[in-house]
Amino acid sequence: MTVALSTHINADGDGCGSQCALARLLGQMGVRAVIVNPTPWPEQFRWLLGDDVVDRSPDGAKALQQVDRVIVLDISCLSRLGQLAEAVRALPLDALVIDHHLASDTPPGKTMLSCTAASATAELVFDFARERGLTITTPIATALYTGLVTDTGGFRFGNTSPRCLAVAAELLTAGVDPEQMYARIYGSIPLGRLRLLRDALGTLEIDLTNGMAWVTIVAGALERHGVSSEDLDGVVEYPRSVAGVRLALLFRDLGHGRVKMSFRSVAGVNVNTLARAFGGGGHARASGALIVGSLVEVEARVLGEARCLLQSGALAD
Ligand SMILES: [Mn+2]
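All values reported here derive from a predicted model rather than from experimental measurement. (Residues numbered from 1 in each chain as written. Predicted model: local features only at pLDDT ≥ 70, side-chain atom pairs only at ≥ 80, totals over all residues.)

## Notes on the pairing of strand E10 (residues 258-265)
When you tally the buried positions in E10, you get 6 out of 8 residues, the bulk of the element. Where strand E9 (residues 247-253) folds back on E10, the antiparallel hairpin that results is connected by 4 residues, among which Gly 255 adopts a positive phi of roughly 90 degrees. Where E10 and strand E12 (residues 286-292) come together, 7 bridges link them in antiparallel fashion. Bridging across to E12, Met 261 finds its partner in Ala 289. (Buried ≥ 20, exposed ≤ 12 C-beta atoms within 10 Å, placed from the backbone. Helix = DSSP H or I, 4+ residues; strand = E, 2+ residues; numbered from the N terminus. Pairing = 2+ DSSP bridges.)

As structure tokens, this is what we get:
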């Protein structure tokens, strides 16, 4: 039996960590698992892979036709599978979904192992290991810890639950070295990433009346600095960190009439509602959307809608 594991476009630490951990756990059960993602494996998490984890993402949808089952991780909406969405939707056997995002109208599969109380999908993969009586080896613990630490912003965000820290404690017992993890995840960034951040902060705008702050990534910025979209991770935390800001936005001009949005908020403001108004979604404090239009148009529309929703109390939670 061969299973394909897939996660969202531009896989993050939780997607990659959950995949590597689950691939190794399935191996203990005699199930061969291969990774098939819609976008290339991020360089930042290259070290998570090993000889025992096969990445068949370059084969795209074709690789999905050669497996018995597909498991989709860290996704609640089919469209997050990008170029693999159609292949997954057309599978003869429904995909199994393991996820912690808020439900969407178009899930990637009907069989959902979904828990929005989980800090990360990695926490649910940990539960799977425990329920099956599987061994949390050091490589598995390292992969799961990567998911927990990145999805909680280093155990600082609101999803840092007692349960999340209890799982993290077990992972340390299983051999995770937190200092080495910090060095790998946050202490090994390419210089281009810092230059990109410098440019982004140069665009900072603030509307303190409404408690909003936003930054813009202009078209071609990633290419100019020789970095990829994973290097945008955390940029939107800077506008969110300003005193008095309740809603932070990141506009990324993709350069062909589309703008990718990231929304972040503080306690009391639900940005999932805002993202859904533009066809996106995510979590209450972190969500996103892909919007058609020029940067100027999208900025005007989104900022207008955000002000309107904030003032009417529609984003309260
Ligand atoms: Mn996640």
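## Some points on the nonpolar core
In summary, soluble globular proteins display a tendency toward joint burial of nonpolar side chains. Counting 55 residues, the largest nonpolar core has Ala 21, Leu 64, Val 72, Val 88, Val 125, Leu 144 and Leu 148 as the members making the most contacts within it. Contact partners of Leu 148, with chain neighbours within four places excluded, come to Ser 119, Ala 120, Ala 122, Glu 123, Cys 164, Val 167 and Ala 168. (Core = buried A, V, L, I, M, F, W, Y, C linked by C-beta atoms within 7 Å. Contact = placed C-beta atoms within 7 Å.)

## Remarks on the domain arrangement of the chain
Think of interface size as the accessible area that goes away when the parts come together; that is how it is often given. With domains assigned, the chain is organised as domain 1 (2-185) and domain 2 (191-312). One C-alpha centre belongs to domain 1, the other to domain 2, and the line joining them spans 26 Å. The residue inventory of the side of domain 1 that touches domain 2, partitioned by class, reads 4 nonpolar, 5 polar and 1 charged. (Domains from an automatic or database assignment. Nonpolar A, V, L, I, M, F, W, Y, C, P; charged D, E, K, R; others polar.)

## Observations concerning the sheet that holds strand E11 (residues 281-282)
Here we have 6 strands laid out as an open sheet, ordered E7-E8-E9-E10-E12-E11, and mixed in their pairing. In this open sheet, the two edge strands, each paired with only one partner strand, are strand E7 (205-207) and E11. Running at roughly 165 degrees to E9, helix H12 (residues 295-312) makes contact with strand E8 (212-217), E9, E10 and E12 of the sheet. (Axes fitted to C-alpha atoms, helices over the stretch in contact; angles between N-to-C directions.)

## Here we look at the packing of helix H1 (residues 13-28) against helix H5 (residues 138-151)
Following both chains from N to C, one finds H1 and H5 inclined at 160 degrees, their axes separated by 7 Å at the closest point. The orientation of H1 relative to H5 falls into the category roughly antiparallel. The way H1 lies across H5 gives a crossing that is left-handed. Contacts between H1 and H5 pair Gly 13, Asp 14, Cys 16, Gly 17, Ser 18, Cys 20, Ala 21, Arg 24 and Leu 25 from the former with Pro 139, Ile 140, Ala 143, Leu 144, Thr 146, Gly 147, Thr 150 and Asp 151 from the latter. Taken together, the residues of the contact of H1 with H5 break down into 8 nonpolar, 6 polar and 3 charged. (Parallel < 35°, antiparallel > 145°, perpendicular 65-115°, else oblique. Left-handed = near helix turned anticlockwise from the far one by under 90°.)

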